Amino acid sequence: MEKMTHPVAASKAELPPASITIGIDVSKDHLDAARHPGGDTVRVANTRKGQTALLRWIGDIKAVARVVFEPTGPYHRTLEERLAAVGIPQVKVNPRQARRFAEATGKLAKTDRVDALMLARYGALLDPVARPVRTDLQNRLAELVAARRSLMRDRTATLNRLKTLTIGLLQRHARHRLRQIEAQVTSLDAATDALVAEDAHLSRRRDVLTSIPGLGTVTAHALLADMPELGMMEEGQAGALAGLAPITRQSGTWRGRSFIQGGRATIRQALYMPAIVAMRFNPDLKRVYDRLIAKGKHAKIAITAIMRKLVVLANALLHKDRLWTPKAA
C-alpha cells in the first residue's frame, strides 16, 4: 500500500460519528482513495488484497458517512461487494455530474488522485443518497439484460446493412448473422426466465410488473435489472431517476419549454414501446394520452408522459406488492 500524502488533519477521535467521506477513483489496476476532511490519500491494487489494505486505511467504519465512486463496469463490482459486506454506505455518481462539479470548483486537472479528492468533496458537500447494493442475483440479471440489449442493437444494424448489400455472399452472411442473433436472444430469454425463477421475491416483482397492461416480460426484466430501486422511492423520485420528470425553465417573467434530461437512458428505451402499447390498451393511460392530445400537446410529449406514468405506477405497485387492477369508472 502506497501512502501518497499525509497532511495535518483533525484526529479521528475529534470527529463526530459518520463525519468522514471517502472518494475512490476506480480503474482496472488501482484504487485511489481520498479522505474528507483531511485530504490524505492512498493508492492500492484493485485486488482482494488491495481492498483489504484499503479497509485498514479507512479505519473505523462507523465514522464513515459514505464512500463515493463512479461506476466502471466490472472494475468496481468486487469493491462494491467488499464495502457492502462491512456495512459502509456507498454512492455511485454519474461521471458527467462529477466532472461538472470539479469544473464548478475550479479543478480542471484530471488525475486519479485529483479525481479521488474531488469525489470525496462531492460526497461531503452534496450529501448524495446512498442506494442499496445489488445482490449477486441482480448483477447476473443485469448482465443478461445488457447482453440482450447489445444483441438487439446488432440485429437492427444487420437489418439496415442487409438493405444496402448487393453481393449475394454478403447477403447470405447477413441473413446467417440474423439467424444467429435470433437463436442467441432465445437462449438469453430462457436463461433470464430461469434466473428470475430462482428467487421467489424477484419472481413476484416480475409478476407485479407484467400485470400492468403494456409491460411485457422483456420490459419487466429490464426494469428489475436497471432500476432495482423501484418500489423503494417516492413518486417524483421514480420519474426523475428514469430521466422522465420534466425540468422547468423560467427566469423572471420568462417561461421556457420544459424538457426531460439525465436519468437512466436504458429505462427510457425500455419503456418507449410499452408506452405505445399502453396508450392503446391500458384504459387508465389511454385517458391520460387522449386528454393531453386534446389539450394540443405534441404526440412525443404525450408518449413521454405515459412513460413517466408507467414507471411511477410500477414503483407504486411494487411498493404495495399488489397486481395492477383497472380503476373504477
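Worth saying up front: this structure is predicted, and the values here are computed from it rather than measured.

1. Quick notes on the overall build of the chain
When helices and strands are tallied, the chain shows 12 helices and eight strands. Counting across all 329 residues of the chain, residues that qualify as buried make up 40%. Contacts spanning at least 24 positions in sequence make up 62% of the contacts within the chain whose residues lie at least 6 apart. Put simply, the chain shows about 18300 Å² of open surface, and 55% of that area lies on carbon and sulfur atoms.

2. Notes on the pairing of strand S4 (residues 41-45)
One ladder, built from five bridges, connects strand S3 (residues 30-36) with S4; its direction is antiparallel. For alanine 34, the partnering residue across the bridge sits in S4 and is threonine 41. With antiparallel pairing between neighbouring strands as the criterion, S3 and S4 make up a hairpin whose turn holds four residues, including glycine 38 at a positive phi of roughly 120°.

3. Observations concerning helix H10 (residues 265-281)
The end-to-end C-alpha distance of H10 is 25 Å, a good match for the 24 Å that 17 residues give at a rise of 1.5 Å each. Of all the bends found along H10, the most pronounced is centred on tyrosine 272 and spans about 35°, while proline 274, a proline, follows it within four residues. The set of residues buried in H10 consists of Ile267, Ala270, Leu271, Pro274, Ala275, Ile276, Ala278 and Met279.

4. A look at a nonpolar patch on the surface
There is a patch of nonpolar side chains on the surface, built from Ile167, Leu169 and Leu170 and spanning about 250 Å² of accessible area. Note that isoleucine 167 resides in the loop between helix H5 (136-162) and helix H6 (168-197). The partly exposed category is assigned to isoleucine 167, whose relative accessible area is 48%.

5. Notes on the packing of aromatic side chains
Aromatic ring pairs are described here by two measures, namely the spacing of the ring centres and the angle between the planes. Taken as a whole and assessed by the stated rule, the structure comprises one aromatic pair. Considering the side-chain rings of phenylalanine 101 and tyrosine 122, the 5.3 Å spacing of their centres and the 85° angle between planes classify their relative orientation as edge-to-face. Residue phenylalanine 101 is found in helix H3 (residues 95-104), and its partner tyrosine 122 is found in helix H4 (residues 112-126); the two are separated by 21 residues along the sequence. Each member of the pair phenylalanine 101 and tyrosine 122 is classed as buried. Between arginine 35 and the ring centre of tryptophan 57, over which it is positioned, the NZ or CZ distance is 4.3 Å.

6. Observations regarding unusual backbone geometry
Negative phi is the rule for most residues except glycine; trans is the rule for most peptide bonds. The residue after histidine 36, namely proline 37, is reached through a cis peptide bond having omega 5°. We note that aspartate 127 has phi near 50°; this positive angle belongs to a residue other than glycine. With respect to the helices and strands, the residue aspartate 127 is situated in the loop between H4 and H5. Owing to a relative accessible area of 48%, aspartate 127 belongs among the partly exposed residues under this scheme. At aspartate 321, a residue that is not glycine, the phi angle is positive and equals roughly 55°. Here aspartate 321 is to be found in the segment after helix H12 (299-320).

7. Some words on the pattern of salt bridges
Across all of its chains, the model carries 18 salt bridges by this definition. Residue arginine 77 pairs with glutamate 143 through a salt bridge whose shortest N-O separation is 3.8 Å. Of this pair, arginine 77 sits in helix H2 (residues 77-85) while glutamate 143 sits in helix H5; the two residues are 66 residues apart in sequence, bridging distant segments of the chain. Residue classification places glutamate 143 among the exposed residues on the basis of a relative accessible area of 53%. With a shortest N-O distance of 3.8 Å, arginine 140 and glutamate 198 are connected by a salt bridge. Of this pair, arginine 140 sits in helix H5 while glutamate 198 sits in the loop between H6 and helix H7 (200-210), and the two are 58 residues apart along the sequence. On the accessibility criterion, arginine 140 (36% relative accessible area) is partly exposed. Note on glutamate 198: relative accessible area 54%, which makes it exposed.

8. Looking at the confidence of the model for the chain
Low-pLDDT stretches of the model should not have their predicted coordinates read in fine detail. Here the chain shows a mean pLDDT of 86. Residues at 70 or above account for 88%. Across the chain, element-level confidence peaks in H6 with a mean pLDDT of 97 and bottoms out in strand S1 (residues 2-5) with 50. Segment residues 5-15 is flagged for pLDDT under 50; beyond a separation of four residues in sequence, or across chains, it makes 15 contacts in the model.

9. Quick word on the environment of threonine 78
By the secondary structure assignment, threonine 78 is in helix H2. Threonine 78 sits 31 residues away from threonine 47 along the chain, and the two C-alpha atoms are 8.2 Å apart. Leave out the neighbours within four places in its chain, and threonine 78 touches Asn46 and Gln51.

10. Topic: the nonpolar core
Counting 51 residues, the largest nonpolar core has Leu141, Met227, Leu230, Leu271, Ile306, Leu310 and Val311 as its most contacted members. Mapped onto this core, the elements with two or more residues apiece are H5, H6, H7, helix H8 (217-226), helix H9 (235-241), H10, helix H11 (283-294) and H12. With 11 residues, the single largest contributor to this core is H12. Taken domain by domain, the makeup of this core includes at least three residues from each of domain 2 (136-198) and domain 3 (202-250 + 265-328). When sequence neighbours within four positions are dropped, the list of residues in contact with leucine 271 reads Leu215, Thr219, Leu223, Leu244, Met307, Leu310 and Val311. Judged by nonpolar contacts, the second largest core, of 20 residues, contains Val44, Trp57, Ile58 and Ile88.

Here is what the cut-offs are and how they apply
Residues numbered from 1 in each chain as written. Predicted model: local features only at pLDDT ≥ 70, side-chain atom pairs only at ≥ 80, totals over all residues. Heavy atoms only, no water. Helix = DSSP H or I, 4+ residues; strand = E, 2+ residues; numbered from the N terminus. Buried < 20%, exposed > 50% of the residue type's maximum accessible area, 1.4 Å probe, protein only. Contact = heavy atoms within 4.5 Å. Areas by Shrake-Rupley, 256 points an atom, 1.4 Å probe, with all protein chains shown as cover. Pairing = 2+ DSSP bridges. Expected span 1.5 Å × (residues − 1). Bend = angle between axes of the 7 residues up to and from the residue. Patch = residues over 30% accessible without salt bridge, like charges linked within 9 Å, V, L, I, M, F, W, Y side chains within 5 Å. Salt bridge = Lys/Arg side-chain N within 4 Å of Asp/Glu carboxyl O. Phe/Tyr/Trp six-rings, centres within 6.5 Å; stacked < 30°, edge-to-face > 60°. Lys NZ or Arg CZ within 6 Å of the ring centre and 35° of its normal. pLDDT = per-residue confidence, 0-100. Core = buried A, V, L, I, M, F, W, Y, C linked by side-chain atoms within 4.5 Å. Domains from an automatic or database assignment.

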